[in-house]
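# Coordinate inspection notes
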Amino acid sequence: SLDGVELQGVYYPSGEINAPLVVLAHWAQGDQTDWMEIAYWLQNRGLSGKTEDFEGKLWLDSSWFPVMTLKHSFAVFTFDFRGCSGGCKSFDREKWLLDAQAAAAFAQSLEGVDRDQIAFVGASIGADGAADGCLYLNSLSQGACKGAFSLSPGNYLTLDYPQVIEDLNSVSPAVPAWCIYSEDDAESFKVCNGINASNFKGIVYKSGTVSGFPHGMNLIQPSINPNPLLLMLDFLDSVID
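Residues numbered from 1 in each chain as written. Predicted model: local features only at pLDDT ≥ 70, side-chain atom pairs only at ≥ 80, totals over all residues. Heavy atoms only, no water.

### Quick look at the pairing of strand β6 (residues 177–182)
Put simply, the rule reads: The classification of residues rests on relative accessible area computed with a 1.4 Å probe and restricted to protein chains. Under 20% of the type maximum is buried, over 50% is exposed, and intermediate values are partly exposed. Strands are runs of DSSP state E lasting at least 2 residues, helices are runs of H or I lasting at least 4, and numbering of each runs from the N terminus. DSSP calls a pair of strands paired once it identifies at least 2 bridges connecting them.
The element β6 is extensively covered by neighbouring structure, given that six of its six residues are classed as buried. Relative to strand β7 (residues 206–210), β6 runs parallel, the two sharing five bridges. Residue Y181 lies in a different strand from β7, and its bridge partner there is T209.

Written out as structure tokens, the structure is:
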């Protein structure tokens with residue numbers, strides 16, 4: 001991390017050379033292993049993880065996933081926020097922000113990755129981490145982050161989510177951001193609707209609601225409409241060349 005703390009991460013290589021990269025940031029109730037099946041799905045290489053190792057996390061069932069329609073085999077990088085292996089033991093907003101930024105900086109060093117075709121996806125604390133990491137990466141390498149897809153952000157990492165999105169849209173070219181939340185999730189509803197996208201030039205900030213109160217990774221269920229994994233595909237299709 002940026003303060004010298006060593007973080008744990010997993011790199012899932014693409015089946016392509018010089019592939020676009022998706023960075024996945026987990027929520028506080030879990031860790032990077034929560035993304036395993038989604039990482040295999042995004043790799044689009046016919047691989048599968050061992051979902052039986054994660055009893056009780058039924059959303060990890062790969063049979064729920066929509067057919068991968070995109071032409072890419074994405075490279076994928078996951079990481080653990082500090083203190084979160086097996087689930088976060090406490091809330092450490094400021095240091096988690098450093099972790100998201102460190103993961104963003106490290107992502108460009110991965111072998112076989114297109115350094116200028118990187119997208120961020122995250123849930124809950126990772127939803128903020130996705131937007132924060134994207135903004136940070138573009139401060140280091142303008143235009144490297146192509147967009148941030150957030151499931152249930154809530155200003156969890158000290159930065160103001162609406163301000164981060166406005167900052168992403170203030171550059172040229174503007175950086176797309178999508179926010180997915182459930183209608184009864186008060187914190188996510190507030191931040192996703194706290195953005196005046198009418199001020200944005202040439203880009204659409206998208207927010208989408210689902211019914212009920214699923215939060216973070218619990219939004220990834222086949223019964224939810226619109227299906228956030230289909231929205232993720234739409235997002236990646238729109239931001240990655």
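That covers the picture; the talk isn't over yet.
### Section: helix α6 (residues 228–239)
Operational definition: In this analysis, the expected span of each helix is defined as 1.5 Å times one less than the number of residues it contains. Between two residues, a contact is recorded if the distance between any of their heavy atoms is within 4.5 Å. We define a polar contact as two N or O atoms separated by no more than 3.5 Å, with the added condition that, inside protein, one atom must be a possible hydrogen donor and the other a possible acceptor, whereas residues neighbouring each other in sequence contribute only through side-chain atom pairs.
If you check α6, its first and last C-alpha atoms are 16 Å apart, about what 12 residues at 1.5 Å a residue would give, namely 16 Å. Turning to α6, its buried residues number three or more, namely P228, L229, L231, M232, L233, F235, L236 and V239. Tucked into the core, α6 has its buried residues touching β2 (19–25), α1 (36–43), β4 (113–123), β5 (145–151) and β6. The backbone nitrogen of L229 has a side-chain oxygen 2.8 Å away, supplied by the residue at the start of α6, namely N227.

### Looking at the nonpolar core
To be explicit about the condition: Residues enter a nonpolar core if they are buried and are Ala, Val, Leu, Ile, Met, Phe, Trp, Tyr or Cys, with the set joined through side-chain atoms within 4.5 Å.
Counting 44 residues, the largest nonpolar core has L21, F81, F120, I165 and Y205 as its most contacted members. The greatest single-element share of this core, amounting to six residues, is contributed by helix α2 (residues 93–107). When sequence neighbours within four positions are dropped, the list of residues in contact with I165 reads A131, A177, I195, F200 and Y205. V121, W178, L219 and I220 belong to the second largest nonpolar core, which has 34 residues in total.

### Looking at the state of the cysteines
Worth spelling out the cut-off: Our working definition of a disulfide is a cysteine sulfur pair at a distance within 2.5 Å.
Counted according to the given criterion, the structure contains three disulfides. With its sulfur 2.0 Å from that of its partner, C134 forms a disulfide with C145. Judged by the sign of its S-S torsion, about -105°, the cystine formed by C134 and C145 is left-handed. Within this pair, whereas C134 is found in helix α3 (residues 125–140), its partner C145 is found in strand β5, the two being separated by 11 residues in sequence. The residues C134 and C145 share a single accessibility class, namely buried. Paired through a disulfide, C179 and C192 show a sulfur-sulfur distance of 1.6 Å. With a gap of 13 residues between them, C179 in strand β6 and C192 in helix α5 (residues 186–192) connect regions that are remote in the sequence. Indicated for the chain is the disulfide connectivity 1-2, 3-4, 5-6, based on numbering the bonded cysteines in sequence order.

### Some points on α1
Most of α1 is tucked away: six of the eight residues are buried. If you check which residues of α1 are buried, you get E37, I38, A39, W41, L42 and Q43. Where the residues of α1 are buried, they touch β1 (9–12), β2, β3 (75–79) and α6. Once α1 finishes, N44 follows within two positions and takes phi at roughly 60°, a positive value.

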